[in-house]
Amino acid sequence: MGVRVLMLVATPVANDTRVLREATSLVRAGHAVHVVGFGVPPGFAPPDGVTVSTAGRRTRPSRPENPGAPVPTTTARRARPLWWRAARWLLLPEHRARAFGRWAREANADARDRTFDVVHAHDFNTLALGDRLAREHGVPLVYDSHELWFGRPVVGRPTPLRDARGRRTEARLGGRADAVVTVGEGVAEALEGAYGWHDVRVVRNTFAALPPPTAPLVPAGLLYAGRLAPYRELEVVAAASRDLPLPVDIVGPADETWLRDFDPGAARVLDAVPADEVSWLLRGAGIALVTHSDRWPNHRLAMPNKLFQAVAAGVPVVATDVGELATLVRGYRLGALYRPGDPASLVAAVADVLAGYDRYAAAVRVAAASLTWPADERMLLDVYAGLRTGPNHLTRSRVP
């Protein structure tokens, strides 16, 4: 018998592939899912069977007027003055705290009169509200940690005292959640080690595979598809772009402040496209760039969405030689690795993939059996099958 799931997520939802994928799978399994998002764009149409409401600030529509259109580069964009950037650095943590506080108040009001059997809280910034709603309604809580929250890059002024309080809160509230899921073994082990939790389940950010190509793939370009922001090695991609034998496209939603100062070199910066189109863009390019820095603990543990989307598209990758990402690429022979921060190493890795393209593409096809959504969907559904709902529900501690 299906259950009614209330999902909480402090993103606009429209391009949050993990949330939409999980919600769709739960609906197909017979559950009902309502998502409360953050500033959901007007006109956003959720997947069949999923309902969505919004709290917090409103944003532009999820599909740009010209998706995939070139984005003006620094030659046409005026950089913010130094005083403005300094003020943003200083005030950004307070701005975010107020924005998410407003979201939590509005999301709580939205959820107050809804009926649900499970609360599914996506990421730390929804955990306190999720815990409160689950306890008030006497229903299970699923905590879905998309990353090692307190190992993420710091953009803006450091907030060590706030972070210390946050870690204590995550340990306490996550410790009494009925289930904790996360995106990879590295993050799961880090959470268990930091908080003494047990049985953190792994539901990776995998994708459904595209149909097999009708002809052998031919590498025509290099595509980075992901957020355009600091600590993504995009400066290295730009520095290497003039020495690469294939054109480079960089596509995705952007941190506009960062983008104003970004020199793309010979790469082309494109506006975001809907997530379901990215796999086809990857297949058309033939090689995926899967890049991030090794500066932050979360990057050393993370396995980016774009890695799994490349596997779903059937294309080899050129990836940064960092942590869990590098381990997976080596283990499945998905492509070549380059040293972080080294444009020459990136150029050499591209040459390696081109020289062994058919071999790498064959390895990606083999890996798809393990690294696409059906395997992770089973884990998600197993988590829900193990929840105790109804009048006999009793929250269990995650600390032995």
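Given the structure is predicted, the values throughout are model-derived calculations rather than measurements. (Residues numbered from 1 in each chain as written. Predicted model: local features only at pLDDT ≥ 70, side-chain atom pairs only at ≥ 80, totals over all residues. Heavy atoms only, no water.)

Trainee: How do you make sense of the overall build of the chain when you look at a structure like this?
Mentor: Per the secondary structure count, the chain includes 14 helices and 13 strands. Considering only C-alpha atoms, the chain reaches an extent of 65 × 50 × 40 Å along its principal axes. The 400 residues of the chain split such that 52% are buried. Accessible area for the chain stands at about 18000 Å²; split by element, carbon and sulfur atoms hold 54% of it. Within the chain, the 41 negative side-chain charges are centred at a point lying 5 Å from the centre of the 49 positive side-chain charges. (Helix = DSSP H or I, 4+ residues; strand = E, 2+ residues; numbered from the N terminus. Buried < 20%, exposed > 50% of the residue type's maximum accessible area, 1.4 Å probe, protein only. Areas by Shrake-Rupley, 256 points an atom, 1.4 Å probe, with all protein chains shown as cover. Lys, Arg positive; Asp, Glu negative; His and termini not counted. Charge placed at Lys NZ, Arg CZ, Asp CG, Glu CD.)

Trainee: How should I be thinking about helix 5 (residues 185-195) in this particular structure?
Mentor: Each turn of an α-helix holds 3.6 residues, which means side chains three or four residues apart point in the same direction. Among all positions of helix 5, only Gly 186, Val 187, Ala 188, Leu 191 and Tyr 195 are buried. Each element contacted by the buried residues of helix 5 is listed here: strand 5 (141-145), helix 4 (160-175), strand 6 (179-182), strand 7 (201-202), helix 9 (297-301) and helix 11 (323-332). Count one or two residues on from helix 5 and you reach Gly 196, which has phi positive near 70°. (Contact = heavy atoms within 4.5 Å.)

Trainee: Where do I start with the environment of Ala 171 in this structure?
Mentor: The topology assignment puts Ala 171 in helix 4. The exposure class assigned to Ala 171 is partly exposed, which follows from its relative accessible area of 23%. When residues no more than four places from it in sequence are discounted, the contact partners of Ala 171 are Tyr 195 and Trp 197.

Trainee: Would you mind going over the environment of Arg 80 with me for this structure?
Mentor: Mapped onto the fold, Arg 80 is located in the loop between strand 3 (50-55) and helix 2 (82-112). Sequence-distant contacts of Arg 80, that is, excluding residues within four places in its chain, are made with Arg 85 and Arg 260.

Trainee: Before we go on, may I ask you to explain the pattern of salt bridges in this structure?
Mentor: This structure, assessed with the given rule, holds 12 salt bridges. Of the charged contacts in the structure, one is a salt bridge between Arg 18 and Glu 22, with a shortest N-O distance of 3.5 Å. Residue Arg 18 and its partner Glu 22 are located together in helix 1 (residues 17-28), separated by 4 residues, close to a single helical turn. Accessibility classification places Arg 18 together with Glu 22 in one group, the buried group. When the shortest N-O distance is used, the salt bridge between Glu 94 and Arg 157 registers 3.3 Å. Of this pair, Glu 94 sits in helix 2 while Arg 157 is found in the loop between strand 5 and helix 4, placing the two residues 63 residues apart along the sequence. For Glu 94, a relative accessible area of 29% corresponds to the partly exposed category. (Salt bridge = Lys/Arg side-chain N within 4 Å of Asp/Glu carboxyl O.)

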